[in-house]
Amino acid sequence: NTKKPVTVKMRAGWDSEHINCAELAQQLEAAGASAIAVHGRTKAQMYSGRSSNLYIKAVKEAVKIPVIGNGDIQTVEDAFRMKQETGCDGLMIGRGLLGRPWFMQELKCAMEGTPFQEPSYMERLDQLKDYAKKLTVYEGEHTGIAMMRGMAAWYLTGMPDSARVKAGLSRITSLNELNIIVDTYKEKLQEQVS
């Protein structure tokens, strides 16, 4: 009932006994869907186990509309493997971006064959603060900060002496608190470099 493109995101099926993604994709295409994103896990799996590229490939082979592959894309190699194994037309990345918004740029550079420079610790922390600020504007400070409590630590993955910082960020109640914790950590990192 619309002239606007309609896309659908679905999983492989309800559980391993009920894999119906190819059939459902055909029904969606017949109903007028413009594209389909397929996550290679079942609903029952939630976040456990591995995403299967076989299900995404089955959907790609079953329909003519674009198919977007989703599931377990954490590295450039994962993205290339999914494209190669499924023939999908595009990629959807979820948890692989948590705390690493630069992963999209890394993937773009890899696909274009151009060099990619991973952000420095300071740039990562600036991105954390920028995201928190934007999230509080969009969601309101109370909700935005509640969301950041679960996401902020992802930005610090692999950074030195970050356990205490992560613990502090998991208890923040305001954007000001987040900024103080991150700025203090930045100062400590600067001292280590000096």
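Computed from a predicted structure; not experimentally measured.

## As for the packing of helix 5 (residues 121-139) against helix 8 (residues 175-193)
Contact pair helix 5 / helix 8: the axes reach a minimum separation of 10 Å and the direction vectors enclose 175°. It follows that helix 5 is roughly antiparallel to helix 8 by the angle criterion. Each of Tyr121, Met122, Leu125, Asp126, Leu128, Lys129, Ala132, Lys133 and Thr136 in helix 5 lies in contact with helix 8, whose residues at this interface are Leu175, Leu178, Asn179, Val182, Asp183, Tyr185, Lys186, Leu189 and Gln190. Residues that form the contact of helix 5 with helix 8 fall into these classes: 10 nonpolar, three polar and five charged.

## Points about the environment of Gly71
On the secondary structure map, Gly71 appears in the loop between strand 3 (67-70) and helix 3 (76-86). A sequence separation of 24 residues divides Gly71 from Arg95, and the C-alpha atoms of the two residues are 8.6 Å apart. With residues up to four places along the chain from it excluded, the contact list for Gly71 reads His39, Ser51, Met82 and Met92.

## Here we look at the pairing of strand 3
By the bridge criterion, four bridges tie strand 2 (residues 35-39) to strand 3 in an arrangement that is parallel. In the sheet register, Ala37 faces strand 3, and the bridge partner there is Ile68. For the segment spanning strand 2, helix 2 (residues 53-62) and strand 3, crossover handedness is right-handed. The pairing of strand 3 with strand 4 (residues 90-92) spans three bridges and is parallel. The residue of strand 4 that forms the bridge with Gly69 is Leu91. Once the chain exits strand 3 it traverses helix 3 before rejoining the sheet at strand 4, and the crossover so formed is right-handed.

## Section: the environment of Lys166
Relative to the helices and strands, Lys166 resides in helix 7 (residues 163-169). Lys166 sits in the partly exposed class, given a relative accessible area of 27%. Spatially, the C-alpha atoms of Lys166 and Ser48 are 24 Å apart, while their sequence positions differ by 118 residues.

## Let's talk about helix 5
Over its 19 residues, helix 5 extends 27 Å from the first C-alpha to the last, a length consistent with the 27 Å expected when each residue adds 1.5 Å. Buried within helix 5 we find Met122, Arg124, Leu125, Leu128, Ala132, Leu135 and Thr136. Among the structural elements, helix 6 (141-155), helix 7 and helix 8 are those in contact with the buried residues of helix 5. Gly140 sits one or two residues past helix 5 and shows a positive phi near 90°.

How each quantity is defined
Residues numbered from 1 in each chain as written. Predicted model: local features only at pLDDT ≥ 70, side-chain atom pairs only at ≥ 80, totals over all residues. Heavy atoms only, no water. Axes fitted to C-alpha atoms, helices over the stretch in contact; angles between N-to-C directions. Helix = DSSP H or I, 4+ residues; strand = E, 2+ residues; numbered from the N terminus. Parallel < 35°, antiparallel > 145°, perpendicular 65-115°, else oblique. Contact = heavy atoms within 4.5 Å. Nonpolar A, V, L, I, M, F, W, Y, C, P; charged D, E, K, R; others polar. Pairing = 2+ DSSP bridges. Right-handed = clockwise from strand over helix to strand, strands pointing away. Buried < 20%, exposed > 50% of the residue type's maximum accessible area, 1.4 Å probe, protein only. Expected span 1.5 Å × (residues − 1).

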